[in-house]
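# A closer look at the structure
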Amino acid sequence: MFNDIGALEVVTLVVLAVLVFGPDKLPKVIQDVTRTIRKIREFSDSAKADIRSELGPEFKDFEFEDLNPKTFLRKQLDNDELGLKEIRSGFDLKKEMADLTDAVHGRESDSASAPAPAAIGSGSDGSASGSSGGTIDMTKKPEPAERPPYDMDAT
């Protein structure tokens, strides 16, 4: 809970506590705070024990930390029933992004054996033919298709 508090912060808190409560009352305040924290922990532990006993033996391995959505998702994604580890290991994001960058800049990537973007022809409808497996030149503006009818009353 307090793992990220440094030495300077602790010294600052001690100085503030001495200034606010005074050196005479400070030990009593510390005792009261620790007693309250201990009672809260005991109450929490007893509530957890009551819930576990009420759930029955089928939930003997139930952990309250599993109710945290992050923990639940992490547990489910680490489970290998879905085959997600195979998908993660088979997908190289850096390579995919490099290929995409090369396609955008009009360079031929190492894995593509198709002709350069300038050598790709146009289809009969005026659009670039990407069915040959080549890269598409993203820098060219597409040829405008037939404009849809415009209705002044609709807008």
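Predicted model, so just to flag it, every value in this text is computed and none were measured.

### So, the overall build of the chain
Helices and strands together make up the secondary structure of the chain, namely four helices and zero strands. In the chain, the succession of α and β elements from N to C terminus is α-α-α-α. Burial status across the chain gives 10% buried among its 155 residues. Taking as baseline every contact in the chain between residues at least 6 positions apart, the subset at least 24 positions apart corresponds to 12%. Carbon together with sulfur atoms contributes 60% to the accessible area of the chain, which is approximately 13,900 Å² in total.

### What to know about the pattern of salt bridges
Applying the stated criterion across every chain, the model contains four salt bridges. A salt bridge links Asp32 to Arg35; its shortest N-O distance comes to 3.1 Å. On the criterion of helical spacing, the pair formed by Asp32 and Arg35 is a turn pair, its members being three residues apart in helix α1 (residues 7-55). Asp32 sits in the partly exposed class, given a relative accessible area of 29%.

### Some points on the environment of Glu65
Mapped onto the fold, Glu65 is located in the loop between α1 and α2 (69-78). Judged by its relative accessible area of 46%, Glu65 is partly exposed. Once residues lying within four places of it in the same chain are set aside, the contact partners of Glu65 are Lys48 and Thr71.

### Looking at helix α4 (residues 93-105)
An α-helical turn contains 3.6 residues, so any two residues separated by three or four positions project in the same direction. Given a rise of 1.5 Å per residue, 13 residues ought to cover 18 Å, and the 18 Å separating the end C-alpha atoms of α4 matches this to within 8%. Just downstream of α4 lies Gly106, where phi reads positive at about 80°.

### Quick notes on a nonpolar patch on the surface
On the surface, a nonpolar cluster with roughly 610 Å² of combined accessible area is contributed by Phe91, Leu93, Met97, Leu100, Val104 and Met138. With respect to the secondary-structure elements, Phe91 resides in the loop between α3 (84-90) and α4.

### Quick notes on the environment of Val18
Structurally, Val18 is set in helix α1. Excluding residues within four positions of it along the chain, Val18 makes contact with Pro23 and Leu26.

Cut-offs used in this document
- Residues numbered from 1 in each chain as written.
- Predicted model: local features only at pLDDT ≥ 70, side-chain atom pairs only at ≥ 80, totals over all residues.
- Heavy atoms only, no water.
- Helix = DSSP H or I, 4+ residues; strand = E, 2+ residues; numbered from the N terminus.
- Buried < 20%, exposed > 50% of the residue type's maximum accessible area, 1.4 Å probe, protein only.
- Contact = heavy atoms within 4.5 Å.
- Areas by Shrake-Rupley, 256 points an atom, 1.4 Å probe, with all protein chains shown as cover.
- Salt bridge = Lys/Arg side-chain N within 4 Å of Asp/Glu carboxyl O.
- Expected span 1.5 Å × (residues − 1).
- Patch = residues over 30% accessible without salt bridge, like charges linked within 9 Å, V, L, I, M, F, W, Y side chains within 5 Å.

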